Amino acid sequence: MRDNKTSKPAQEYDGNFGKTMLYHSFFHEETLRLIKAVNPRPETWLDAGCGTGILVSKALNFFADTHFVMMDPSAAMLDIAKEKFAGRENMKLSYVLAGTEEADFPTENFDVITAILAHHYFNKSTRQKATANCLAMLKKGGTYVTFETILPSSDQGIKIGLERWKTAIIKNGKDAAAAEQHISRFGTELLPITAMEHIELLHKVGFSVVEILWASGVQMGFYAIK
């Protein structure tokens, strides 16, 4: 029985995330490059769906004075994150057990909010609520970054995208059965929307700037500014 929404138990997450989400480390690198360009000295940063704290562990190398709030709906993931940062009391770190769809922070509280592979588990109405919450929690001029699995715009595109994804998973070390099991989550546990729907959603909830940050296969990154 899984203790989080990913395909692996929390204890196995760090060792497997790069096999199924092929560019996960790249998502982090692109996010950090973007924030350095937009706001090199953010005071507060919410990492929603933080998992085991991988992004924050990298961000601390560049934003040591930033107060990071790590939020995740999985207690098991947060426990691992807390272990990872044990002994680093000099860092400004907080932990919150919640998802963005239920987040209850004061409005205009954060300079940066990241949601890396966190919202593609939501149906459309819950995703809109989570995204609107992120907008509300950002300070004016704050930056929101999200990466997600996306839905190609045609049946043929979906078929090709999933086949490419499955082939890459196997090349990265998964056996064929495990790769097939992971791909089977598309449309059942993973509930992607199209790139255009992502852009429309970010505009609809009220972001003033909406841009595509990165794209490959059935994975895309977006950033938006309040």
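Residues numbered from 1 in each chain as written. Predicted model: local features only at pLDDT ≥ 70, side-chain atom pairs only at ≥ 80, totals over all residues. Heavy atoms only, no water.

Caption draft 1: Representation of unusual backbone geometry within the structure. Phi angles above zero are rare outside glycine, and E108 is one such case at about 55°. Following the sequence through the fold, E108 ends up in the loop between β3 (93-97) and β4 (110-116). (Helix = DSSP H or I, 4+ residues; strand = E, 2+ residues; numbered from the N terminus.)

Caption draft 2: Seen up close, the packing of aromatic side chains. Tallied over the entire structure, the rule returns eight aromatic pairs. On the numbers, 5.6 Å between centres and 50° between planes, the contact of F26 with W214 is tilted. Placement of the pair is F26 in helix α2 (residues 24-38) and W214 in strand β6 (residues 209-216), with a sequence separation of 188 residues. A relative accessible area of 13% means that W214 is categorised as buried. In textbook terms, an aromatic cluster arises when at least three aromatic residues are bridged by ring pairs, as seen for F26, F27, F147 and W214. Between the NZ or CZ atom of K36 and the centre of the ring of F62, over which it lies, the distance is 3.5 Å. (Phe/Tyr/Trp six-rings, centres within 6.5 Å; stacked < 30°, edge-to-face > 60°. Buried < 20%, exposed > 50% of the residue type's maximum accessible area, 1.4 Å probe, protein only. Lys NZ or Arg CZ within 6 Å of the ring centre and 35° of its normal.)

Caption draft 3: Summary view of empty space enclosed by the protein. Enumeration according to the criterion identifies one cavity of 30 Å³ or more in this entry. Estimated volume of the largest cavity: approximately 40 Å³. The wall of the largest cavity is formed by H119, R127, T131, Y144, T146, E148, H198, L201 and L202. Within the residue set of the lining of the largest cavity, elements represented by two or more residues are α5 (124-137), β5 (138-149) and α8 (195-205). For the lining of the largest cavity, the class distribution of residues is three nonpolar, four polar and two charged. (1 Å grid on protein atoms, 1.4 Å probe; cavity = no way out; pocket = protein on both sides within 12 Å on 5 of 7 lines; lining within 4 Å. Points joined across faces, edges and corners; volume = space filled by probe spheres on them. Nonpolar A, V, L, I, M, F, W, Y, C, P; charged D, E, K, R; others polar.)

Caption draft 4: Region of interest: the sheet that holds β4. Sheet architecture is open: seven strands sit in the order β3-β2-β1-β4-β5-β7-β6, paired in mixed fashion. Bordering the open sheet on either side are β3 and β6, each of which pairs with just one other strand. Each neighbouring strand pair of the sheet contributes to a mean axis angle of 15°, computed without reference to strand direction. Direction of pairing for β4 relative to β5: parallel, over a ladder of six bridges. Across the sheet, residue I116 finds its bridge partner in β5, namely F147. Sitting on the sheet, helix α4 (residues 75-84) touches β2 (67-72) and β3, and the angle it makes with β3 is about 165°. (Pairing = 2+ DSSP bridges. Axes fitted to C-alpha atoms, helices over the stretch in contact; angles between N-to-C directions. Contact = heavy atoms within 4.5 Å.)

Caption draft 5: The arrangement of the pattern of salt bridges in detail. Under the defined criterion, the tally for this structure stands at 10 salt bridges. Salt bridges sharing common partners tie together E29, E30 and R33. (Salt bridge = Lys/Arg side-chain N within 4 Å of Asp/Glu carboxyl O.)

Caption draft 6: Here's a closer look at the pairing of strand β7 (residues 219-225). Most of β7 is tucked away, with seven of its seven residues classed as buried. Of the two faces of β7, the one lined by Q219, G221, Y223 and I225 and the one lined by M220, F222 and A224 are each fully buried. Of the strand pairs in this sheet, β5 and β7 are connected by seven bridges, and their pairing is antiparallel. Each bridged residue has a counterpart across the sheet, and for T143 the counterpart in β7 is I225. As paired elements, β6 and β7 share seven bridges and run antiparallel to each other.

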